[in-house]
Amino acid sequence: MSRLSTAFSKGRPALVCFITAGDGDTAANLDALVAGGADVIELGMPFTDPMADGPAIQAANLRSLGAGTTTRDVLLIANEFRDRHPDVPLVLMGYANPMIRRGPEWFAAEAAACGVDGVICVDIPPEEDDALGPALRENGIDLIRLATPTTDTARLPAVLEGSSGFVYYVSVAGITGLQQAATASIESAVARLKGATELPVAVGFGVRTPKQAGAIAKVADGVVVGSALVELCDKLDAPEHLAKLTASLAEAVHNARQLA
Amino acid sequence: MASSPNSYRNMPDERGHFGDYGGRYVAETLMPLILELETAYRAAQADPAFQAQFDDLMAHYVGRPSPLYFAERLTEALGGAQVWFKRDELNHTGAHKINNCIGQILLAIRMGKRKIIAETGAGQHGVATATVCARFGLPCTIFMGATDVARQQPNVFRMKLLGAEVVPVTSGAATLKDAMNEALRHWVAHVEDTFYIIGTAAGPHPYPELVRDFQSVIGKEARAQLMERTGRLPDLLVAAIGGGSNAIGLFHPFLDDASVKMLGVEAAGHGLDKQHAASLAGGFPGVLHGNKTYLLQDEDGQIAEAHSISAGLDYPGIGPEHAWLKDTGRVEYTSVTDDEALDAFQLLCRTEGIIAALEPSHAIAAVAKRAKEMERDAIILANLCGRGDKDIFTVAEHLGVAM
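All values reported here derive from a predicted model rather than from experimental measurement.

### Re the overall build of chain B
Part 1 of the argument: Across its full length, chain B carries 16 helices and 14 strands.
Part 2 of the argument: Its C-alpha atoms give chain B a radius of gyration of 19 Å, near enough to 22 Å, the size a compact globule of 403 residues would have.
Part 3 of the argument: In terms of overall dimensions, chain B has a C-alpha envelope of 55 × 50 × 50 Å along the principal axes.
Part 4 of the argument: Counting every position in chain B, which comprises 403 residues, the buried fraction comes to 61%.
Part 5 of the argument: Long-range contacts, defined as pairs at least 24 residues apart, comprise 74% of the intrachain contacts of chain B with a sequence gap of at least 6.

Given below as structure tokens:
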């Protein structure tokens, strides 16, 4: 069983936590997420043009690049994380250009060697799968695709074809960190996805508080929190803040179904 | 270099690829709309009423056909090939941008979209978009880098007069690339009712194709006009390239005429070894803003800031069909610096009484170099894609004149 499938097989919903690599002391921040109870880590690869991201993650990208973060730095962060946390699944999330710059095979092989379990690429839809998908699959890395409120029934099979690890349901048509979708619409969307795939379904975009996360965890296999955590990376004593928020999110997510 | 195809005019393929370039590299949220746009465009192409409406607006609103003009005194001054200009700077709104905006707003209306957004750098595409939105009564939001808003106040005011809302974008370097990011962010959140009028022959498929098709009116007219006036095809076509919409519009109808050479002119800014906007000369293939193409970028795939004196050429990418035409060798690409463009700008003012924009001034600089190397009976046809009224403050500043 892969680390990712184990994380979604604990008999309770999983908490997926996102921060941007190279934004502050990433190693300490990642350790804080794990200590707080994160089940899956999403590590953002900084990019100059993060066009699917809202202000919080845009700013994190700029801070990281401003500090001189390179692709090799991101891979090194991943590699060291894997050494410290042999069992916690790690997913790289980002945009196509930094991932394919040296060729998709190079990226996939390096990521695999660094213990990366999965990759989410915002701007490679199934129609352009050739650009990265085959290289990831060859190296045993899960390709986690995004499904959105605009992904209709006719299109869904194409999105699921070649997906593995989990399906990331983007709960709102929009960018990260801003709007929040109604729980009812999330529930029906997740049900539709689960009717079409055996993969776990994690829900993200606009999830900021333990209360929201707990409500979504009632209906989904996992909850993704990004911007609310990323905003803390810019603070003094970021690891303490991160551990605290993650712990309250984890409590809400992990226990969501017991309270129901 | 790829082997020579039978025709250079049947790209893109059904997946929207021009060889290795182009494609649909967008977030999943946009993908269904991109597919819907393609379906709607195919239906429009098959509908004579759509073409008739486009042609009618081109004739009576834009003022087409634009003249084809023999630049006699410039030709004499250069002492080589005959120089002819396609006068797209005489269009309504003063540039070729309006051709594409008319086509896209008709598509938007066909698709039942009620709101229009666009990005703009110098403001020419923003003005053209605001113009067609006023003409058809649709609300218009223009995303413009805050840096550009500050340095292009006359165009900002024009857009506002035309009823558009201008949103200053402060992310990144606050120029065209960032305006496009912000337009894409807005579009993702308003995908149900909003149409994005992209200003150049780039972005996700089918934009590069449909922008090219709407702009091909330039080359089709020029071809017929030159044949009528001289009985022959040109020897060399020349056009400036930022994203590349005016160039592909001129080139495309001639691509299968083997005797016609073509030269695309990128902006070399301060020089190719310094800051510039020449993606083909100084970039590498990559993915940005929905398509795969040549991009100015570092070894990690981070996108560089472009520089050109011409805000319309100041973009770190290029339309994917140009990337393909470069690799096949069908079109030659060169570049011209800020200083060379400024010289050409003044040359055209003094020899022909035409104040061209800084964008086509790059093309004129390349024409000046080539004309001297060609026989006197050879014909160069260059596109004057915009007029220079918007640029007089920039030019004055570079010439050290206080206004």
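### Section: unusual backbone geometry
Part 1 of the argument: Cis geometry is adopted by the peptide bond preceding P12 of chain B, which originates at M11 of chain B and carries an omega value of 0°.
Part 2 of the argument: The residue after H205 of chain B, namely P206 of chain B, is reached through a cis peptide bond having omega 10°.
Part 3 of the argument: With respect to the helices and strands, the residue P206 of chain B is situated in the loop between β8 (194-196) and α9 (207-215).
Part 4 of the argument: Even without glycine at this site, F205 of chain A takes up a positive phi of about 85°.
Part 5 of the argument: Topologically, F205 of chain A is positioned in the loop between β8 (201-204) and α10 (210-217).
Part 6 of the argument: Even without a glycine there, the phi angle at D237 of chain A is positive, about 55°.

### Observations regarding the packing of helix α14 (residues 338-352) of chain B against helix α15 (residues 358-372) of chain B
Relative placement of two packed helices is described by the angle separating their axes and the distance separating the axes.
Residues and elements named next belong to chain B.
Part 1 of the argument: At a closest axis distance of 7 Å, the pairing of α14 and α15 adopts a crossing angle of 90°. Between α14 and α15, the interaxial angle falls into the category roughly perpendicular. Along its contact with α14, which presents E340, A341, D343, A344, F345, L347 and L348, the element α15 presents L358, S361, H362, I364, A365 and A368.
Part 2 of the argument: In terms of residue class, the contact of α14 with α15 is built from 9 nonpolar, 2 polar and 2 charged.

### Comments concerning the interface of chain B and chain A
Part 1 of the argument: Counting residues at the interface gives 26 residues for chain B and 32 residues for chain A.
Part 2 of the argument: Those elements that provide at least two residues to the side of chain B that touches chain A are β2 (21-25), α1 (31-45), α8 (176-189) and β11 (284-288) of chain B.
Part 3 of the argument: Among the elements that take part in the side of chain B that touches chain A, α8 of chain B stands out by supplying 6 residues, more than any other.
Part 4 of the argument: Per-class residue counts for the side of chain B that touches chain A are 12 nonpolar, 8 polar and 6 charged.

Each value, and the rule that gives it
- Residues numbered from 1 in each chain as written.
- Chains lettered and ligands numbered in written order.
- Predicted model: local features only at pLDDT ≥ 70, side-chain atom pairs only at ≥ 80, totals over all residues.
- Helix = DSSP H or I, 4+ residues; strand = E, 2+ residues; numbered from the N terminus.
- Rg over C-alpha atoms; globule rule 2.2 N^0.38 Å.
- Buried ≥ 20, exposed ≤ 12 C-beta atoms within 10 Å, placed from the backbone.
- Contact = placed C-beta atoms within 7 Å.
- Axes fitted to C-alpha atoms, helices over the stretch in contact; angles between N-to-C directions.
- Parallel < 35°, antiparallel > 145°, perpendicular 65-115°, else oblique.
- Nonpolar A, V, L, I, M, F, W, Y, C, P; charged D, E, K, R; others polar.

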